[in-house]
Amino acid sequence: MMHLARYPRLRFAHLPTPIEPMDNLSRLLGGPRLWVKRDDCTGLATGGNKTRKLEFLMADAVAQKADVVITQGATQSNHARQTAAIAAKLGIACDILLENRTSSTDRDYTTSGNVLMDRLFGASLTEFPGGTDMNAAMTKRAEALKAKGKRPYIIPGGGSNPVGALGYVACALELLDQANSMGLKLDHVVHATGSTGTQAGLVVGLEAARTGIPVLGISVRAPKEAQEANVYKLVEATADFMGLKGAVAKNAVAANSDYVGAGYGVPTDGMYEAMKLFARAEGLVLDPVYTGKGAAGLIDLVRKGHFKGAENVLFIHTGGQVGMFGYTGPFDRMLSGGNE
Ligand SMILES: *Cc1c(COP(=O)(O)O)cnc(C)c1O
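All figures in this text were calculated on a predicted structure; none of them were measured in a lab.

Enquirer: When you look at the packing of helix H7 (residues 162-182) against helix H9 (residues 224-241) in this model, what are you seeing that I'm missing?
Expert: Helix packing for two helices is described by the angle between their axes and how far apart those axes are. Viewed as axis vectors pointing N to C, H7 and H9 meet at an angle of 90 degrees, and their least axial separation amounts to 9 Å. Taken as axis vectors, H7 and H9 run roughly perpendicular relative to one another. Facing H7, whose interface residues are Pro 162, Val 163, Ala 165, Leu 166 and Val 169, H9 presents Leu 234, Ala 237, Thr 238 and Phe 241. When its residues are assigned to classes, the contact of H7 with H9 shows eight nonpolar, one polar and no charged.

Enquirer: Mind showing me how you'd approach the site of the ligand here?
Expert: Lining the immediate environment of the ligand, one finds 17 residues, of which Lys 50, Lys 53, Ser 195, Thr 198 and Thr 318 sit closest. In this structure, Lys 53 approaches the ligand through a side-chain N or O atom, which is 2.6 Å from an oxygen atom. Gly 197 is positioned such that a nitrogen or oxygen atom in its backbone is 3.3 Å from an oxygen atom of the ligand. Look at the ligand: alone it shows 380 Å² of surface, and the protein chains cover 98% of it.

Enquirer: When you look at helix H2 (residues 50-63) in this model, what are you seeing that I'm missing?
Expert: Counting along an α-helix, one turn takes 3.6 residues, and residues three or four places apart therefore face a common direction. Here H2 is 14 residues long and its end C-alpha atoms lie 19 Å apart, about the 20 Å a rise of 1.5 Å per residue gives. Approximately 25 degrees is the largest bend angle found in H2, and it occurs at Phe 56. Burial analysis of H2 places eleven of its 14 residues in the buried class, the great majority of the element. Three or more residues of H2 are buried, namely Lys 50, Thr 51, Arg 52, Lys 53, Leu 54, Glu 55, Phe 56, Leu 57, Met 58, Ala 59 and Ala 61. The inward-facing, buried residues of H2 contact strand S2 (33-38), strand S3 (68-74), helix H3 (78-90), strand S6 (152-155), H7 and helix H8 (197-208).

Enquirer: Explain empty space enclosed by the protein here, please?
Expert: Empty pockets left among the atoms are what a rolling probe the size of a water molecule brings to light. All chains considered together, the criterion is met by one cavity of 30 Å³ or more. A volume near 60 Å³ is recorded for the largest cavity. Residue lining of the largest cavity: Thr 75, Leu 98, Asn 100, Thr 110, Val 115, Glu 127 and Phe 128, and that is the complete set. If you list the elements that add at least two residues to the lining of the largest cavity, you get strand S4 (93-100) and strand S5 (124-129).

Enquirer: Sorry, what's going on with the layout of surface pockets here?
Expert: Considering only enclosed or pocket space, the largest pocket measures out at about 970 Å³ in volume. Lining the largest pocket are 46 residues; nearest its centre among them are Gly 157, Ser 160, Gly 194, Ser 195 and Thr 196. Mapped onto the lining of the largest pocket, the elements with two or more residues apiece are H2, S3, H3, helix H6 (134-147), strand S7 (188-193), H8 and H9. No other element matches the five residues that H9 contributes to the lining of the largest pocket. Of the residues assigned to the lining of the largest pocket, the class counts are 13 nonpolar, 26 polar and seven charged. By volume, the second largest pocket amounts to about 150 Å³. Of all the secondary-structure elements, those providing two or more residues to the lining of the second largest pocket are helix H10 (269-282) and helix H12 (328-335).

The rules we used
- Residues numbered from 1 in each chain as written.
- Predicted model: local features only at pLDDT ≥ 70, side-chain atom pairs only at ≥ 80, totals over all residues.
- Heavy atoms only, no water.
- Axes fitted to C-alpha atoms, helices over the stretch in contact; angles between N-to-C directions.
- Helix = DSSP H or I, 4+ residues; strand = E, 2+ residues; numbered from the N terminus.
- Parallel < 35°, antiparallel > 145°, perpendicular 65-115°, else oblique.
- Contact = heavy atoms within 4.5 Å.
- Nonpolar A, V, L, I, M, F, W, Y, C, P; charged D, E, K, R; others polar.
- Near = heavy atom within 4 Å.
- Polar contact = N/O pair within 3.5 Å; in protein donor to acceptor, adjacent residues only side chain to side chain.
- Areas by Shrake-Rupley, 256 points an atom, 1.4 Å probe, with all protein chains shown as cover.
- Expected span 1.5 Å × (residues − 1).
- Bend = angle between axes of the 7 residues up to and from the residue.
- Buried < 20%, exposed > 50% of the residue type's maximum accessible area, 1.4 Å probe, protein only.
- 1 Å grid on protein atoms, 1.4 Å probe; cavity = no way out; pocket = protein on both sides within 12 Å on 5 of 7 lines; lining within 4 Å.
- Points joined across faces, edges and corners; volume = space filled by probe spheres on them.

Quick look at the structure:
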């Protein structure tokens, strides 16, 4: 049953996040009516989607009397930054394992943006080369901490497990409530998808509520088939966890991987264009790794006529802006005309 009060939850996100029209962008693109849900404004350490997941994950960690949380992500992980912030507030140590997935040696990428904030929050950081088995590395770290008498709690990359996905089941209910009171008939939800918890939670929530609103995840890493399979795996696990076994059909999961470019965290022309369009038409800041590529997909699909003119399309802004400061060199070149 979708009675979320059954699950332990701490309250630190600024909710509900607003839903705003993007009328300038809609006019410029000449497509459907575009809206944005401001999950970049969840309030914790400059915000982002991981905050919703962490309300449930950190409640579980507290219930298990953890004195240290271990998590992992890419160097410019937004999830690591949000975890480090809430761990600091709760007085729990934070042990972050960072994988240099882009193999970048750029000083801004390896030390600014999210990395700077992780350190500000007092998290302990260990770097690993791209391709490391990060789950194995977290297990090993947990064992070493246990041997020292610590009580570690492992949060998977991106906070994407059934407990974390509850944050986006709750978001699905939140946005339905908002749309209903605004008289806004939603035809599509679009967002950037990576570790899958966001999409899995949204799909479970929207499907269990039988809304039929399709969710499209724009992949930032994996190819379409793999991403859809990964999302569906977490959809099933989350539905099972909530006592909703079999509530979601496989065809409710859709991903598009046409906007990944050369790889995770590697800039694309579409991402630069999307970031400039959102900034100059709507005064909104996207991020280079997730929402910039998600919005590049949204823009391209609008141009290709994927949505009908009278439809309402809701883009979920999942945050990540701090990551831009890991890319100041490339952005400077783009804004000086290099990639215009
Ligand atoms: C993690 C992240 C995503 C992707 O969410 P998942 O739940 O990992 O799929 C999207 N946008 C931003 C800014 C993120 O940090």
